[in-house]
Amino acid sequence: MAVGLEKLDTLDPAFAAKARHVVNEMEKLGWNIRIVWGVRSYEENRVLADAGLASKNSKHLTGRALDLIDQRLLYNFTPGHKYAQDLGRIAKSVGLIWGGDFISRWDPCHIELP
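What counts, and at which threshold
- In this numbering scheme, every chain counts its residues from 1 along its sequence in written order.
- Owing to the predicted nature of the model, reporting of local features is limited to residues with pLDDT of at least 70; listing and counting of side-chain atom pairs is limited to 80 or more, with chain, interface and lining totals taken over all residues.
- With hydrogens and water excluded, all non-hydrogen atoms of the structure serve as input to the side-chain values.
- Only DSSP runs of H or I covering at least 4 residues are called helices, and only runs of E covering at least 2 are called strands; the numbering of each starts at the N terminus.
- In this analysis, the expected span of each helix is defined as 1.5 Å times one less than the number of residues it contains.
- Type-normalised accessible area, obtained with a 1.4 Å probe on protein chains alone, sets the label of each residue: buried when under 20%, exposed when over 50%, and partly exposed for intermediate values.
- Contact criterion: two residues are considered in contact whenever any of their non-hydrogen atoms come within 4.5 Å of each other.
- Any carboxyl oxygen of Asp or Glu within 4 Å of a side-chain nitrogen of Lys or Arg constitutes a salt bridge here.

A. Region of the structure containing the environment of Gly88. Relative to the assigned elements, Gly88 resides in helix H3 (residues 82-93). When the C-alpha atoms of Gly88 and Trp106 are compared, they prove to be 12 Å apart, with 18 residues separating the residues in sequence.

Structural data, given as structure tokens:
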């Protein structure tokens, strides 16, 4: 069972339903999901943005973004990895944006509302 599911309860309701679907589908495929970031405070986001790890206008601030990893892989995979492929495919199937398509900074564990 996914770790951090309580973070889904703090998300924008329209996004939460889609995010829950993504988590469930990833787990059906055998991935051990951990939700790393849901909503974050302005201070948390500022620290990450200053380090080049987040946008200053991140959708995490409004509960319209989620970062999820596989507990075994963490962030240790490359663009062609099955985890990245599965997450991107499932997220897009419900109309979400997948961070693996970002040009400025590849963010394969990130999904968000358009």
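Now that the structure has been shown, the text picks up again.
B. Broad picture of H3. With twelve residues, H3 extends 16 Å between its outermost C-alpha atoms, agreeing within 8% with the 16 Å of an ideal straight helix rising 1.5 Å per residue. Within H3, the full set of buried residues consists of Tyr83, Ala84, Asp86, Leu87, Gly88, Ile90 and Ala91. Looking at the buried side of H3, the elements it contacts are helix H1 (13-28), strand E1 (33-37), strand E2 (65-70), strand E3 (97-98) and strand E4 (110-112). At the exit of H3 stands Gly95, carrying a positive phi of roughly 85°.

C. Structural context of the pattern of salt bridges. With the rule as written, the count across this model stands at ten salt bridges. A salt bridge links Arg20 to Asp9, with the nearest nitrogen and oxygen atoms 3.5 Å apart. One end of the pair, Arg20, is in helix H1; the other, Asp9, is in the segment before H1, and eleven residues separate them in sequence. Since its relative accessible area comes to 33%, Arg20 is described here as partly exposed.

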